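Residue strings, one per chain:
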Amino acid sequence: MVAPVGQLTRGTTGHNRLRRCDRWLVHSPRVRTALQSAADPLVVDLGYGALPVTTLELASRIRTVRTDVRVIGLEIDPQRVSAARAAAQNDSVDFGLGGFELAGHHPVLVRAFNVLRQYPEDAVAAAWSTMTARLAPGGLIVDGTCDEIGRRCGWVLLDGNGPVSLTLACDPFAIERPSDLAERLPKILIHHNVSGQPINALLAAADHAWASVVGHGVFGPRERWRAMLNMLRDNGWPLEPPRRRMRDGVLTVPWATVAPPRP
Ligand SMILES: C[S@@+](CC[C@H](N)C(=O)[O-])C[C@H]1O[C@@H](n2cnc3c(N)ncnc32)[C@H](O)[C@@H]1O
């Protein structure tokens, strides 16, 4: 058996921590199409941590898109694999030892949340290419980061050719300004939030728009977030259209909008 690719890191996790990403996944047209058209609807949750709770939550949410989705939680830490198998004996989710090589599986969707965050930035490209090479045709990867209770999140969606988009998501009641999410940017971007870099320009523009639409705050922070998105779009930012009714503050841009300069 080949050793899992990667390194053991802290196993911090928590119930419902990844709900905003799960909600986005089940509503994303691209993710839904990938799942619904897959010959084998296999989803891998890579690096689920000390408890398998977020894997079980992902399974129940993603099966609203397609009931026959198979979910496998992979961990690089063998003790966490044993613990997950014991904790989830009666659930229809499998757990196994694996790393970025995905343990020989060819999933249509991989979620790797709060995994690469603990790696050096220069490990990201190799991890991405190791995973993308294992995807099923049309497969997708979500590489993301969030705070302890999942109020502030950021993730990159990748397909077989590389990164597709960046999404920032939050509880609009829990922020003072959009750039509060900077601390939870995915590893590939977090060190690039400095003047002159595209991600910094996006966050600065979002802060400016957020301040400009302060009047919408009387209708609540969700309406203010929506007004901020409208202003950004009016100012030429290529935002993905938001869903009509959304409890989360979500902002998605094509990867090219924020891609850091190549080393
Ligand atoms: C901080 S926990 C994240 C848990 C969960 N995904 C969450 O966001 O709540 C990170 C986990 O990733 C695991 N990990 C790190 N590198 C990995 C790799 N290359 N393959 C599989 N698991 C990995 C660590 O062992 C750790 O348990």
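None of these values were measured; they are calculated from a predicted model.

Participant: I'd like to hear about the site of the ligand, residue by residue, with values.
Facilitator: The immediate surroundings of the ligand are formed by 25 residues, with Thr-13, Gly-47, Glu-75, Arg-80 and Tyr-119 found nearest. Here an oxygen atom of the ligand and a side-chain polar atom of Glu-75 are 2.4 Å apart. One of the side-chain N or O atoms of Asn-114 is found 2.8 Å from an oxygen atom in the ligand. Burial of the ligand by the protein amounts to 99% of the accessible area it has alone, namely 600 Å².

Participant: So what about the environment of Pro-52? Which residues, and what values?
Facilitator: Residue position: Pro-52 is located in the loop between β1 (42-46) and α3 (53-62). Separated by 125 residues in the primary sequence, Pro-52 and Arg-177 have C-alpha atoms spaced 32 Å apart. Once residues lying within four places of it in the same chain are set aside, the contact partners of Pro-52 are Ala-84, Ala-87 and Phe-95.

Participant: I'd like a description of the nonpolar core, backed by residues and values.
Facilitator: Residues Leu-46, Trp-128, Leu-166, Met-228 and Leu-251 are the most contacted members of the largest nonpolar core, which totals 47 residues. The element best represented in this core is helix α7 (residues 198-212), accounting for seven residues. What Met-228 contacts, discounting residues up to four positions off in sequence, is Pro-178, Ala-206, Ala-209, Trp-210, Val-213 and Leu-251.

Participant: Talk me through α7; I want residue IDs and the actual numbers.
Facilitator: When the terminal C-alpha atoms of α7 are compared, their 21 Å separation across 15 residues agrees well with the 21 Å that a helix rising 1.5 Å per residue should span. Those residues of α7 that fall on the buried side of the exposure criterion are Ile-199, Leu-202, Leu-203, Ala-205, Ala-206, Ala-209 and Trp-210. Buried residues along α7 cover an arc of 160° about the axis, so they all sit on one side. In this fold, the buried residues of α7 make contact with β7 (162-170), α6 (187-190), α8 (221-234), β8 (249-254) and α9 (255-258).

Participant: An account of the pattern of salt bridges is needed here, citing residue identities and associated values.
Facilitator: Within this structure, the stated rule accounts for 15 salt bridges. In this structure, the salt-bridge partner of Arg-177 is Asp-180, at a minimum N-O distance of 4.0 Å. Its relative accessible area of 37% is what places Arg-177 among the partly exposed residues. Judged by relative accessible area, which is 15%, Asp-180 ranks as buried. Between Glu-183 and Arg-184 there is a salt bridge, with the nearest N and O atoms lying 3.8 Å from each other. For Arg-184, a relative accessible area of 12% translates into the label buried.

Scoring rules and cut-offs
Residues numbered from 1 in each chain as written. Predicted model: local features only at pLDDT ≥ 70, side-chain atom pairs only at ≥ 80, totals over all residues. Heavy atoms only, no water. Near = heavy atom within 4 Å. Polar contact = N/O pair within 3.5 Å; in protein donor to acceptor, adjacent residues only side chain to side chain. Areas by Shrake-Rupley, 256 points an atom, 1.4 Å probe, with all protein chains shown as cover. Helix = DSSP H or I, 4+ residues; strand = E, 2+ residues; numbered from the N terminus. Contact = heavy atoms within 4.5 Å. Core = buried A, V, L, I, M, F, W, Y, C linked by side-chain atoms within 4.5 Å. Buried < 20%, exposed > 50% of the residue type's maximum accessible area, 1.4 Å probe, protein only. Expected span 1.5 Å × (residues − 1). Arc of directions from axis to C-beta. Salt bridge = Lys/Arg side-chain N within 4 Å of Asp/Glu carboxyl O.

None of this, on its own, says anything about what the molecule does.
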